[in-house]
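Working through the structure, step by step
Listed below are the residues making up each chain.
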Amino acid sequence: MINLVWLKRDLRLSDHKPLWQAVGQDIPFVLVYVFESDYWQLPDTSARQWQFIYDSLLELKQQAQRLGGDLWLLQGNTIKCFEQLHQRFSIKNIFSHEETGNDWTYQRDKQLGQWCIAHNINWQQYPQFAVTRGKLNRDSWDKLWQQFMSQPTLPVPDLHQALVQEPLFGCSENTALTTTSNTVNTLNEPLDKLTYLGNDTLTCAQPQRAGSLAAKRVLNSFIEKRHKAYLMSVSSPIKGQQNSSRLSCYLAYGNISLREVVHTTIAALPHTNQQRALTAFKSRLHWHCHFIQKMETEPQLEKHALHQSLRLLRSESFQQDAFDAWKKGLTGVPFVDACMRMLQHYGWINFRMRAMLISFSSYQLWLPWQQPAQHLAQQFTDYEPGIHYPQIQMQSGTTGINPFRIYNPVKQGERFDPKGEFIRRWVPELDTISSAYIHQPWLASEAQRGHYPKPAMEPLQGARLARNTLFEYYKNHVEKEETARVIQVHASRAFRKRMPAKRKTTLNHKQMSLF
């Protein structure tokens, strides 16, 4: 008889409660990760995410072996893999962290729960973030966050109870125990046996280094030095790459626990002359859980607008040509295209530029948010569904409670790339254009612009048209009762103080700012 510790988005050994629960039992356990074949066929997953996970697990397996244990790496359907483990060893308990993922993982977890009940297996899940599963009173959520983060972090346990992976154990699509080498996918065999099964080729030209060791190095460098330029650099696509925390990948896949990051930040506050910077960073760690809580409370945010009155907004306006140009960084708006191309290259771009990309697709291009959301999810190595979809909805104007931020990409470019250096790097077609036209090349002659396309509509004109359309749509369609529901269920209590539930549902133009 064994216990399982099932790793998902918690690829570490430190501050890992499910692992400690298994260590505290009097029977051996299997530490396991399953590369789920069907998951990597989804439109919001990609090879760059797979590679980061794979590299994290290589390191984790080596760490586990040095501590006297092992990490089992399997590939296939999770329930069928667990079925085979159950046949081989008889599973008593499964210990894991809760996961607020996309709809596919949500449905998988429901199916696994039913399988556990049918096989009399206890599946115990533990929160990884300050996110409440089940009934939630938002009035006490801030207190719950503080309580969760104030708990001590757990050290790395001894792993001698962890079973070493059997060389010929793998899982296939049938339920029989597989012992033939052609179906085995373990790291006891050559590494190329674990192959990426997705349909895309979205690897990164310059990926961020994966794993817990890299996570701690990046955290320490931020706390010790880089945070000092945080407030001045975080919104810049040029400086933000160096001076933002760069912890998003490590938090998305659990290379380091959020609680450890919070503790390290709090401990550093008395010792820095840039307390405002670290305080601002700590507040963003709080917002991290706030957005995941939205997805946990309402899992359908991946597919449907948060505000039910807005579910038909843009529903009939998808234009494939506009979408393709946006995806490829060929909109004819240089700052937008430069940001998209940087994202394609690194798998990362800072928050403000992410917001501008979805704002441009939602307002200037007037595209429904779902397809751009899936594309950006694939591009982001640090794709965290619980943050991604609530943020997409907020930036595209479908929450019904947040003032619209309709970014003017010309203004953003002039502010954060005044000399056009960022644009010239990522849009080399404009390398020789006069600086007077670098942010608006459609104003230059065709000879100066070369083969770089003209935008379908001048960005400011498109933004004003979107603002007027939204004003009319809100006035005619948004229901006060639904707005009150969204505020009650999802809004932070600081927001409620500023915007009570009896707010008017029609927005004035001041609430639709052009940034």
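Sequence order as written defines residue numbering, which begins from 1 separately in each chain. Since the coordinates come from a predicted model, pLDDT governs what is reported: local features require at least 70, and pairs of side-chain atoms require 80 or more to be given and counted, while whole-chain, interface and lining totals use all residues. Side-chain figures throughout are based on the complete set of non-hydrogen atoms in the structure, without hydrogens or water.

**Things to note about empty space enclosed by the protein**
Short version of the rule: Cavities and pockets were defined on a 1 Å grid built from protein atoms only: a cavity is a group of points that admits a 1.4 Å probe but offers it no way out, a pocket is an open group of points flanked by protein on both sides within 12 Å along at least five of seven lines, and a lining residue is one with an atom within 4 Å of any such point. Grid points are joined across faces, edges and corners, and a volume is the space filled by probe spheres set on the points. Here a helix means four or more residues in a row that DSSP labels H or I, a strand means two or more in a row labelled E, and each is numbered from the N terminus. Only Asp, Glu, Lys and Arg are considered charged, only Ala, Val, Leu, Ile, Met, Phe, Trp, Tyr, Cys and Pro nonpolar, and every remaining residue, Gly among them, polar.
Under the criterion given, the structure shown has three cavities of 30 Å³ or more. Roughly 190 Å³ of volume is contained in the largest cavity. Contributions of two or more residues to the lining of the largest cavity are made by β2 (29-35), α2 (47-66) and α4 (103-118). Ranked by residue count, the leading element in the lining of the largest cavity is β2, at three residues. When its residues are assigned to classes, the lining of the largest cavity shows nine nonpolar, two polar and five charged. Of the voids in this model, the second largest cavity is the one considered here, and its volume is about 150 Å³. As for the second largest cavity, its lining consists of 14 residues, and the residues nearest its centre are Glu-98, Glu-99, Thr-100, Gln-128 and Phe-129.

**As for the confidence of the model for the protein chain**
How we decide: Confidence scores here are pLDDT values: one per residue, from the predictor, ranging 0 to 100. Contact between two residues is taken to exist if any of their heavy atoms lie within 4.5 Å; hydrogens are not considered.
Looking at the protein chain, the pLDDT average stands at 91 and 90% of residues meet or exceed 70. Scored below 50 in pLDDT, residues 173-192 makes 50 contacts in the model with residues more than four places away or belonging to other chains. Taken together, the stretch residues 500-506 has pLDDT below 50 and engages in 16 contacts with residues farther than four places along the chain or on a different chain.

**Things to note about the side chain of His-388**
Quick note on the threshold: Only protein chains enter the calculation, and the probe is 1.4 Å; a residue is then buried if its accessible area is under 20% of its type maximum, exposed if over 50%, and partly exposed in between.
Residue placement: His-388 occurs in helix α16 (residues 385-396). By relative accessible area, His-388 is classed as buried at 7%. Setting aside residues no more than four positions away along its own chain, His-388 makes contact with Ala-373, Leu-376, Ala-377, Phe-380 and Tyr-383.

**Digging into the packing of helix α10 (residues 258-268) against helix α11 (residues 275-297)**
Note the threshold: Comment: axis = line fitted to C-alpha atoms, over the contacting stretch for helices; angle = value between 0 and 180 degrees taken between N-to-C directions. When describing relative orientation, an angle under 35 degrees is termed roughly parallel and one over 145 degrees roughly antiparallel, while 65 to 115 degrees is termed roughly perpendicular and anything else oblique. It is the rotation of the near helix from the far one that decides the hand of a crossing: anticlockwise by less than a right angle makes it left-handed, clockwise makes it right-handed.
Between α10 and α11, the shortest axis-to-axis distance is 10 Å and the interhelical angle comes to 160°. Classified by the interaxial angle, the pair formed by α10 and α11 is roughly antiparallel. The handedness of the crossing between α10 and α11 comes out as left-handed. On the side of α10, the interface is formed by Leu-258, Val-261, Val-262, Thr-265, Ile-266 and Ala-268, while α11 contributes Leu-278, Phe-281, Lys-282, Leu-285, His-288 and Cys-289. By residue class, the composition of the contact of α10 with α11 is nine nonpolar, two polar and one charged.

**Notes on unusual backbone geometry**
Unusually for a residue other than glycine, Asn-120 sits at a positive phi of about 55°. Tracing the backbone shows Asn-120 in the loop between α4 and β5 (122-126).

**Thoughts on the environment of Glu-458**
If you trace the backbone, Glu-458 turns up in the loop between α19 (446-449) and α20 (459-477). The partly exposed category is assigned to Glu-458, whose relative accessible area is 27%. Taking the C-alpha atoms as reference points, Glu-458 and Trp-442, separated by 16 residues in sequence, lie 8.5 Å from one another. The residues touching Glu-458, leaving out its near neighbours within four places in the chain, are Gln-440 and Trp-442.

**Considering the packing of aromatic side chains**
Test applied: Working definition: a ring pair exists when centres of Phe, Tyr or Trp rings (six-membered ring for Trp) sit within 6.5 Å. Plane angles under 30 degrees give stacked, over 60 give edge-to-face, the rest tilted. Here, over-ring charges are defined by two tests on the NZ atom of lysine or the CZ atom of arginine: distance to the ring centre within 6 Å, and angle to the ring normal within 35 degrees.
Tallied over the full model, the rule gives 24 aromatic pairs. Judged by centre distance (6.0 Å) and plane angle (25°), the rings of Phe-323 and Trp-326 are stacked. Of this pair, Phe-323 and Trp-326 both sit in helix α12 (residues 320-328), separated by three residues, roughly a single helical turn. Given a relative accessible area of 7%, Phe-323 falls into the buried group. Taken together, Tyr-33, Phe-35, Tyr-39, Trp-40, Trp-50, Tyr-54, Trp-104 and Tyr-196 form an aromatic cluster joined through their ring pairs. In this arrangement the basic side chain of Arg-138 is found over the ring face of Trp-141, its NZ or CZ atom lying 5.1 Å from the centre. Here the basic side chain of Arg-259 rests over the ring of Phe-148, its NZ or CZ set 4.4 Å away from the ring centre.

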